[in-house]
Amino acid sequence: MVERHVPRPAEIFELMQFKKPEFDGRKRRLSAALTIEDLRTIAKRRTPKAAFDYTDGSAEDEISLARARQAFRDIEFTPGILRGLSDDVDTSREILGGPSALPFAIAPTGFTRLMQTEGETAGAGAAGAAGIPFTLSTLGTTSIEKVAEANPSGRNWFQLYVMRRREISYGLVERAAKAGFDTLQFTVDTPVAGARLRDKRNGFSIPPQLTAGTIINAIPRPWWWWDFLTTPKLEFASLSTTGGTVGELLDAAMDPSISFADLDVIRGMWPGKLVIKGVQSLEDAKRLADLGVDGIILSNHGGRQLDRAPIPFRLLPHVVREVGSDVEIGVDTGIMSGADIVAAIALGARFTMIGRAYLYGLMAGGRAGVDRTIEILADQLRRTMKLLGAGSLDELDPGMVTQLQSLTPIALPEVATRTVVAAPARRAAAAPSKKTPAKAPATTRR
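Residues numbered from 1 in each chain as written. Predicted model: local features only at pLDDT ≥ 70, side-chain atom pairs only at ≥ 80, totals over all residues. Heavy atoms only, no water.

Novice: Can you walk me through the confidence of the model for the protein chain in this structure?
Specialist: It should be kept in mind that the predicted coordinates are not to be read in detail where pLDDT is low. In this model, the protein chain carries an average pLDDT of 87, and 88% of its residues clear a pLDDT of 70 or more. Taken together, the stretch residues 416-446 has pLDDT below 50 and engages in 69 contacts with residues farther than four places along the chain or on a different chain. (pLDDT = per-residue confidence, 0-100. Contact = heavy atoms within 4.5 Å.)

Below is the structure:
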């Protein structure tokens, strides 16, 4: 028989601890966010539909983005046990000739101050505080020089589009070098703008156009409009004039005629590390490695260009096997958790990029929201590494990750297979890149 008694008040207060209330609304909502998806939910609530959909959406039926995210879900981890780990794990590594406290960098994003007025300044500051690189887009809304001011002691990278007016692109390269940016990401997957249907349906334009729909949507979000109207006018790194949809602006600026000759010109101008972003085939990865670039980023532009494009995470093991000892390989598109980053590193990526995840945090809480994004990913990364039995990034290996099969390519007839064109010899003037040990691809469970 259980003894019962009437509890004394002192006993009740000893057992029940009341949480101190948080009166700062921003701190309260950000501390309640435990995942990037939580930050996305907050961002959607606080941001006008057109601006949120510009960030959240992708091209056409949005199949590429959905497949990229599903590829990270379709993995199985195999942990090791009794590894004798210390209390913490080492998440640092050298990336493209410099240090990074974590194996990811903030990806380039265009029109960022439309998402939240602090824009790239918040991203660069948060990246610097966390010890990771920040990448400024050609279509960023903060100047090269102001980003350098926001992250004076950190690593800044610049993402370059080669535009119809080549002198604009060349001038940006010179400014980025002068400002101390150490890496240039030459983006090659945007000869024209993808069909971003959410933007068209929302009438999203630069500058924003007021309609009955946008006004109604703005009523519960007055803080966004207050920030937009009371802060400096949007400044673009490359566009001297604006007016029209994002697709129209991109099509007016981008040049479908870009070629390997442009890569040669840019290589001759840039003094730092040169990375090619937007690689989507093994053949192109091999050719770029033979040309002596320092790194490649497997990316389908976050699914925002060609819908049904290759899935970067699926392509990763094959590229690592063929060129992983010659170039540093990064992965972009679909990353929504620290576990996703662990999987990519285990399969041979040197680093990863986060784009939407960073913007969800920015929209949810400005600079503090970006800090929270990095904190969430870092916590998930460390926890996953410990559960796998890896004390450092170098201890992550392909045997820890199995890519489960969901999309199986159908083999083409022999006569219809793509012929690999022999790559030109490596340029003698190409700077030698850091050798990264190649890792064997993960097995695919059938």
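Novice: Looking at this structure, I do not really get the layout of surface pockets. What am I missing?
Specialist: Summary: where empty space remains is shown by rolling a probe the size of a single water molecule over the atoms. Within this model, the second largest pocket holds a volume of roughly 410 Å³. Lining the second largest pocket are 16 residues, and of these Val188, Asp189, Phe260, Gly278 and Asp284 lie nearest its centre. Listed by contribution, the elements that provide at least two residues to the lining of the second largest pocket are α13 (260-269), β10 (273-279) and α14 (282-290). If one sorts the elements of the lining of the second largest pocket by residue count, β10 sits on top with 3 residues. The class makeup of the residues in the lining of the second largest pocket is 9 nonpolar, 4 polar and 3 charged. (1 Å grid on protein atoms, 1.4 Å probe; cavity = no way out; pocket = protein on both sides within 12 Å on 5 of 7 lines; lining within 4 Å. Points joined across faces, edges and corners; volume = space filled by probe spheres on them. Helix = DSSP H or I, 4+ residues; strand = E, 2+ residues; numbered from the N terminus. Nonpolar A, V, L, I, M, F, W, Y, C, P; charged D, E, K, R; others polar.)

Novice: What should I look at first to understand the environment of Arg304 in this one?
Specialist: Turning to its location among the elements, Arg304 is positioned in the loop between β11 (295-298) and α15 (312-323). C-alpha separation for the pair Arg304 and Ala193, spaced 111 residues apart in sequence, amounts to 8.4 Å. With residues up to four places along the chain from it excluded, the contact list for Arg304 reads Tyr54, Thr55, Gly57, Ser58, Ala59, Gly194, Arg196 and Arg356.

Novice: Would you explain the packing of aromatic side chains in this entry?
Specialist: Remark: the centre distance and the inter-plane angle together describe each pair of aromatic rings, the angle taken between the planes. According to the stated counting rule, one finds 7 aromatic pairs in the structure shown. On the basis of an interplanar angle of 5 degrees and a centroid distance of 5.3 Å, the ring pair of Trp224 and Phe228 is categorised as stacked. Remark: Phe228 and Trp224 occur in helix α11 (residues 222-230); sequence separation between them is 4 residues, near one turn of the helix. Look at Trp224 and you get buried, because its relative accessible area is 9%. By relative accessible area, which is 23% here, Phe228 ends up partly exposed. The ring of Phe260 has Arg287 lying over it, and the distance from NZ or CZ to the ring centre is 3.8 Å. Its end group placed over the ring of Tyr54, Arg304 keeps NZ or CZ at 4.7 Å from the ring centre. (Phe/Tyr/Trp six-rings, centres within 6.5 Å; stacked < 30°, edge-to-face > 60°. Buried < 20%, exposed > 50% of the residue type's maximum accessible area, 1.4 Å probe, protein only. Lys NZ or Arg CZ within 6 Å of the ring centre and 35° of its normal.)

Novice: How do you make sense of a nonpolar patch on the surface when you look at a structure like this?
Specialist: A cluster of nonpolar residues, Ile12, Phe13, Leu15, Met16 and Phe18, forms a patch on the protein surface that exposes about 610 Å² of accessible area. Mapped onto the secondary structure, Phe18 falls in the loop between α1 (9-15) and α2 (25-32). Given a relative accessible area of 65%, Phe18 falls into the exposed group. (Patch = residues over 30% accessible without salt bridge, like charges linked within 9 Å, V, L, I, M, F, W, Y side chains within 5 Å. Areas by Shrake-Rupley, 256 points an atom, 1.4 Å probe, with all protein chains shown as cover. Salt bridge = Lys/Arg side-chain N within 4 Å of Asp/Glu carboxyl O.)

Novice: I tried to follow the environment of Ala285 on my own but got confused; where do I start?
Specialist: Turning to its location among the elements, Ala285 is positioned in helix α14. Placed 44 residues apart in sequence, Ala285 and Ile329 show a C-alpha to C-alpha distance of 9.6 Å. Among residues more than four places away in sequence, those in contact with Ala285 are Val279, Ile296, Val319 and Val323.

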